[in-house]
Amino acid sequence: MEKRRTGLRLALAAAGLALAGIAGACEPALQGTRLESPRFVLAYKPEPISVAQHFALEIAACSKSAGPIESVKVDAYMPEHRHGMNYEPQVKALGPGRWRAEGLMLHMPGKWEFVFEVRAAGKSDRMAQVFQLAEFSKAEIAKILQHGPWPPAPQRDPSNRVSGKPEAIALGGKLFFEPRLSGTGSVLCATCHVPFRAFQDSRTRAFGLQEVERNTPSLLDVSHYRWYGWDGAHDSLWSQSIRPLLDEREMRSSPRKVAQVVRDLLAQDYEAAFARRPPANDEEVLVDVGKALAAYQETLVTGRTPFDDFRDALEKGAPSDYPPAAQRGLKIFIGKGNCSTCHFGPHFTNGEFADTGVPFFVAKGKVDPGRHEGIKRLKASPFNLLGRFNDDAARKTSVGTRHVELQHRNFGEWRVPSLRNVALTAPYMHNGSLDTLHDVVKHYSELNEERLHADGERILKPLRLTAAEIEDLVAFLESLSP
C-alpha cells in the first residue's frame, strides 16, 4: 500500500512539474527577432532601417509567470560610447500582447543596441539586442544584393545524363577515393583535392606523381563555373574530371586502365548509375567515369557565410551584427577597389579570364601561356561539348565553346576564381605565389602595371590602399567563408 502511495505522490509531483512547465511557456504573436528574460518572451520586427531615417518597430510579448503585462518601453543607444537617440519613441498598444513603437531614428552608422523594458506585477525586466547599422548608398546596396542569394537552387548539367542522379553520385564518390584508377595505384583524386583542406591541398603547386606548374583549385561550388582549369581548357566538369586521370604528372592512367578498374571492381555500381553494363569501348567507360565524378563534385556546395546573412539583412532592412571592419572592406570591394567587376554575382566570379599582373614564367626560359593555350586545347579536345559525348541533344551547352575566340591578349590570362571559401584555400593565384589574403590584397594595392599586357584589358589599376584599408578588405574576404 505504501509503495502505491509513494508512486502516486511521485506521479502527481511529475504532473505538477509538467503543468508548471506548460504554464511557464508562452509564444509572442509575432515572427521576428526573439528575446527572453526570466519572466517574459519578446519578439520584435523593425521596418527597414537606414541612417538618419525614422522607422517603426512591431513588438509582441507574453508573460511566462508574471501575470498581465502592464507596459512596454523601447529605446536604442550605441553601447561603445553610450550615445542614444535624439528622439523619444512612442509605444502604442495594438491589442493583447502587441505594440507598435514609432518615431525611432538612428542618426549615425555603427554598433547600436535595442533595449526593451517589459513591466508586470510592479517590476520590469530588461532585454537587449546589439546590431550593426551599415551606411551604404542605394547604388551600393544594389551592388551588394547582386552577390546573392546563397545557396543557389541545384541545377542539372544537361551535357551529363547522370547529373544529379543518386546512383551516379554514389559511384562518383567511390571513384574519387579510388587509387587503383591511377597508373601506379597510389594516387587518387583526393590526393590533391583533400576534403579536410576545402578540397584542395594547401601546396604552392599541385603534386600527384610529379609537381606541376599550377596551384590546385578547390572543388567547393565547382559546378557553378563555365570553364574549368586555370586556363579554361575544358568546358564541362566531366571533361575536366577526365584530364588528371590521363596526365602523366598527375595520375598517369589510360582509358584501358580506367575501364578495367570499373569492369573488375565497380560493374554493379556502374550499371546502377548508367542503366547498362560497362561497354567494351574503353573511351566510353572513361567518359562515363568523368560524368560520375562530376555528379559527385556537383554535391560539394558550401553553406551560408557571415556575408550572406548580412546581405539578406540588408535586403530586408533588418539589423545585423556583421563586423564593422568587414563592412568597410565590402565598401572598398564594390567601390574604390572595383573588385566586383570580375568577382561578380553570388559565386563571386564572372566566370571568365583576366591578366592579374602575376608573372607567367614557370622556369628559366619557360612560360605558362594560360588561356591562350587553353583555348587551343579546348578546341582540340575530343571531350569538348561540340563532340559526340555531350548528352545535351539541343547543344545549348556548347554555345561558349563554339564562339570562343583566340586572341593574342589571352596569353597569360587566368580564370577568375570564386571568392567563396577563400579564407580556406591558401596559397593563392594560379601558381600559388601569394601565401595569404593580406599578400593578395597588397599585390593589387601595389600592382605593377608594367606586368599587364599592352594589348590586353586595362581594368586593373594600383589600388593604393592604406594599411587600415588592407586590413578591412581582408576582413571582408574572410567573411566569405563559413
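Here the structure is shown first, and the text comes after it.
Numbers given to residues run from 1 along each chain, matching the order in which its sequence is written. pLDDT decides what is reported in this predicted model: residues at 70 or higher carry local features, side-chain atom pairs at 80 or more are listed and counted, and totals for whole chains, interfaces and linings draw on all residues regardless. For side-chain calculations, the full set of non-hydrogen atoms in the structure is used, while hydrogens and water are omitted.

K.L.:
I tried to follow unusual backbone geometry on my own but got confused; where do I start?
P.N.:
Glycine aside, the phi torsion of most residues is negative, and most peptide linkages are trans. The omega angle of the peptide bond from Gly-148 to Pro-149 is -5 degrees, so this bond is cis rather than trans. By secondary structure assignment, the location of Pro-149 is in the loop between helix H2 (138–145) and helix H3 (166–176). Omega for the bond connecting Trp-150 with Pro-151 falls within 30 degrees of zero, at 0 degrees, which places this linkage in the cis form. Despite not being glycine, Arg-252 shows a phi value in the positive range, around 50 degrees. Accessibility expressed as a relative area gives 31% for Arg-252, which makes it partly exposed. Although it is not a glycine, Ala-275 sits at a positive phi angle of roughly 55 degrees. Numbering of helices and strands runs from the N terminus; a helix is a DSSP stretch of H or I covering at least four residues, while a strand is a stretch of E covering at least two. With a 1.4 Å probe rolled over the protein chains alone, any residue whose accessible area is under 20% of its type maximum counts as buried; one over 50% counts as exposed, and the rest are partly exposed.

K.L.:
What exactly am I supposed to notice about the pattern of salt bridges here?
P.N.:
A side chain with one charge may pair with a side chain of the opposite charge, provided their charged atoms come close. Note on definitions: salt bridges are taken to be side-chain nitrogens of Lys or Arg within 4 Å of carboxyl oxygens of Asp or Glu. Summed over all chains, the structure comprises 40 salt bridges. When the shortest N-O distance is used, the salt bridge between Glu-284 and Arg-276 registers 3.4 Å. Among the residues examined, Glu-284 registers a relative accessible area of 24% and is labelled partly exposed. Residue Asp-312 pairs with Arg-311 through a salt bridge whose shortest N-O separation is 2.9 Å. Side by side, Asp-312 and Arg-311 carry an identical accessibility label, which is buried. Connected through shared salt-bridge partners, Glu-47, Glu-58, Lys-92, Arg-98, Arg-100 and Glu-102 make up one network.

K.L.:
What exactly am I supposed to notice about the state of the cysteines here?
P.N.:
A disulfide bridge is the covalent bond that connects two cysteines by way of their sulfur atoms. The disulfide criterion used throughout: a pair of cysteine sulfur atoms within 2.5 Å. Enumeration over the complete set of coordinates arrives at one disulfide. Two residues share a disulfide in this structure: Cys-26 and Cys-62, whose sulfurs sit 2.1 Å from each other. Looking down the S-S bond of the Cys-26 and Cys-62 bridge, the torsion is 75 degrees, so its handedness is right-handed. Here Cys-26 is found in the loop between helix H1 (2–24) and strand E1 (33–36), whereas its partner Cys-62 is found in strand E3 (residues 54–63), with 36 residues between them in sequence. In this structure Cys-189 is not part of a disulfide, and its nearest cysteine sulfur, from Cys-192, lies 9.2 Å away. Of the residues examined, Cys-189 reaches a relative accessible area of 13% and is grouped as buried. Judged by its relative accessible area of 10%, Cys-192 is buried.

K.L.:
Honestly, the packing of H2 against helix H10 (residues 324–334) in this entry has me stumped. Any pointers?
P.N.:
Packed helices, taken two at a time, are described by their axes: the angle between them and the distance between them. The axes used here are C-alpha line fits, helices contributing only the stretch in contact, and every angle between their N-to-C directions lies in the interval 0 to 180 degrees. The N-to-C vectors of H2 and H10 enclose an angle of 90 degrees; their axes lie 10 Å apart at closest approach. When the axes of H2 and H10 are compared, the pair comes out roughly perpendicular. Only Leu-330, Lys-331 and Ile-334 of H10 make contact with H2, whose side of the interface consists of Glu-140, Lys-143 and Ile-144. Roughly parallel here means an angle under 35 degrees, roughly antiparallel means over 145, roughly perpendicular means 65 to 115, and every remaining angle is called oblique. Any two residues whose heavy atoms approach within 4.5 Å are treated as being in contact.

K.L.:
What is the right way to read the environment of Gly-95 from this model?
P.N.:
Relative to the helices and strands, Gly-95 resides in strand E6 (residues 90–95). Given the relative accessible area of 30%, Gly-95 is considered partly exposed. Through-space distance from the C-alpha of Gly-95 to that of Ala-60 is 9.7 Å; in sequence the pair is 35 residues apart.

K.L.:
Is there a simple way to think about the sheet that holds strand E9 (residues 123–133) in this case?
P.N.:
By definition, the strands of a sheet pair up through backbone hydrogen bonds, in either a parallel or an antiparallel sense. Overall, antiparallel pairing links the four strands, which are arranged E5-E4-E8-E9 in an open sheet. The open sheet terminates on both sides in strands that have one partner only, identified here as strand E5 (83–84) and E9. Two strands make a pair as long as DSSP finds a minimum of two bridges between them. In this sheet, E5 lies alongside strand E4 (residues 71–78) in antiparallel orientation, the contact comprising two bridges. Bridged to Tyr-77 within E5 is Gly-84.

K.L.:
Sorry if this is basic, but what is going on with the sheet that holds strand E7 (residues 98–105) here?
P.N.:
Ordered by their spatial adjacency, five strands build an open sheet running E1-E2-E3-E7-E6, and the pairing between neighbours is antiparallel. Each edge of the open sheet is held by one strand with a lone partner, namely E1 and E6. If you compare each strand with its neighbour and ignore which way they point, the axes differ by 25 degrees on average.

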